[in-house]
Amino acid sequence: MKAIAYVASAALLAGAMAAEARLSSPAESRGYSACFEAAEASLPGLVAKRDYFISKSEEGNSYFINGTAWQGDERTDVRVYCETAPNGRKLSAVRTSEGRFALGNGMSTDTLAAK
């Protein structure tokens, strides 16, 4: 009986911590496009995953995009981080590296689907 209570509590906690999945707004799409285009210059054959993460504040939006790109003769997991103005028109930072982004405990982000 206690095991069932623990499993139910864990499921509720996991659901509460999960990011919200939804389609991106026009401003979010602009920022995503600016981020992706800037990253393409340094990542040959960049292909982004359909879903990405975004963290919003009054100062702007931070994008966390997972994808793959060519590194020599093979595809490699890559991650792209960008910062934009809240309306998505001004790109202020772009960073790329190997690996994948994953949500950490307590991160306040939305999971968005690229249009």
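The structure under discussion appears in the preceding block.
Residues numbered from 1 in each chain as written. Predicted model: local features only at pLDDT ≥ 70, side-chain atom pairs only at ≥ 80, totals over all residues. Heavy atoms only, no water.

**Focus on the side chain of Thr76**
Within the secondary structure, Thr76 is located in strand 5 (residues 74–84). Look past the residues within four positions of Thr76 in its chain and what remains in contact with it is Gly67, Thr68, Ala69, Gln71 and Glu98. (Helix = DSSP H or I, 4+ residues; strand = E, 2+ residues; numbered from the N terminus. Contact = heavy atoms within 4.5 Å.)

**Structural notes on the pairing of strand 5**
With eleven bridges connecting them, strand 4 (residues 61–71) and strand 5 associate as antiparallel partners. Note that in strand 5 the partner of Phe64 across the bridge is Tyr81. Linking strand 4 back to strand 5 in an antiparallel pair, the connection comprises two residues, with Gly72 at a positive phi of about 70 degrees. Note that strand 5 and strand 6 (residues 91–98) share seven bridges and pair antiparallel. Paired with Glu83 across the strands is Ala93, a residue of strand 6. (Pairing = 2+ DSSP bridges.)

**Observations concerning the environment of Gly88**
Locating Gly88 in the fold gives a position in the loop between strand 5 and strand 6. Counting along the chain gives 54 residues from Gly88 to Ala34, while the straight-line C-alpha distance between them is 7.7 Å. Those residues in contact with Gly88 that lie beyond four places of it in its chain are Ala27, Arg30, Gly31 and Ala34.

**As for the packing of aromatic side chains**
For any pair of aromatic rings, the description consists of the separation of the ring centres together with the inter-plane angle of the planes. Throughout the structure, instances matching the rule amount to five aromatic pairs. With centroids separated by 5.2 Å and ring planes inclined at 85 degrees, the aromatic side chains of Phe64 and Phe101 adopt a geometry described as edge-to-face. Separated by 37 residues along the polypeptide, Phe64 in strand 4 and Phe101 in the loop between strand 6 and strand 7 (110–113) bring together distant segments of the chain. Three or more aromatic residues joined by ring pairs form one cluster here, namely Tyr32, Phe36, Tyr52 and Tyr63. (Phe/Tyr/Trp six-rings, centres within 6.5 Å; stacked < 30°, edge-to-face > 60°.)

**Quick notes on the environment of Arg89**
Among the structural elements, Arg89 can be located in the loop between strand 5 and strand 6. A residue is classified by how much of its surface remains accessible, and Arg89, at 60% relative accessible area, is exposed. Spatially, the C-alpha atoms of Arg89 and Arg30 are 6.5 Å apart, while their sequence positions differ by 59 residues. (Buried < 20%, exposed > 50% of the residue type's maximum accessible area, 1.4 Å probe, protein only.)

**Considering helix 2 (residues 26–40)**
Note that an α-helix has 3.6 residues per turn; residues three or four places apart therefore point the same way. Taking 1.5 Å of rise per residue, the 15 residues of helix 2 would be expected to cover 21 Å, and the 21 Å separating its terminal C-alpha atoms lies within 8% of that figure. Every buried residue of helix 2 is accounted for by Ala27, Glu28, Ser29, Gly31, Tyr32, Cys35, Phe36 and Ala39. (Expected span 1.5 Å × (residues − 1).)

**Overview of the environment of Ala39**
On the secondary structure map, Ala39 appears in helix 2. Note: C-alpha distance between Ala39 and Thr96 (57 residues apart in sequence) is 6.9 Å. The contacts of Ala39, once residues within four sequence positions are left out, are Leu46, Val80, Val94 and Thr96.

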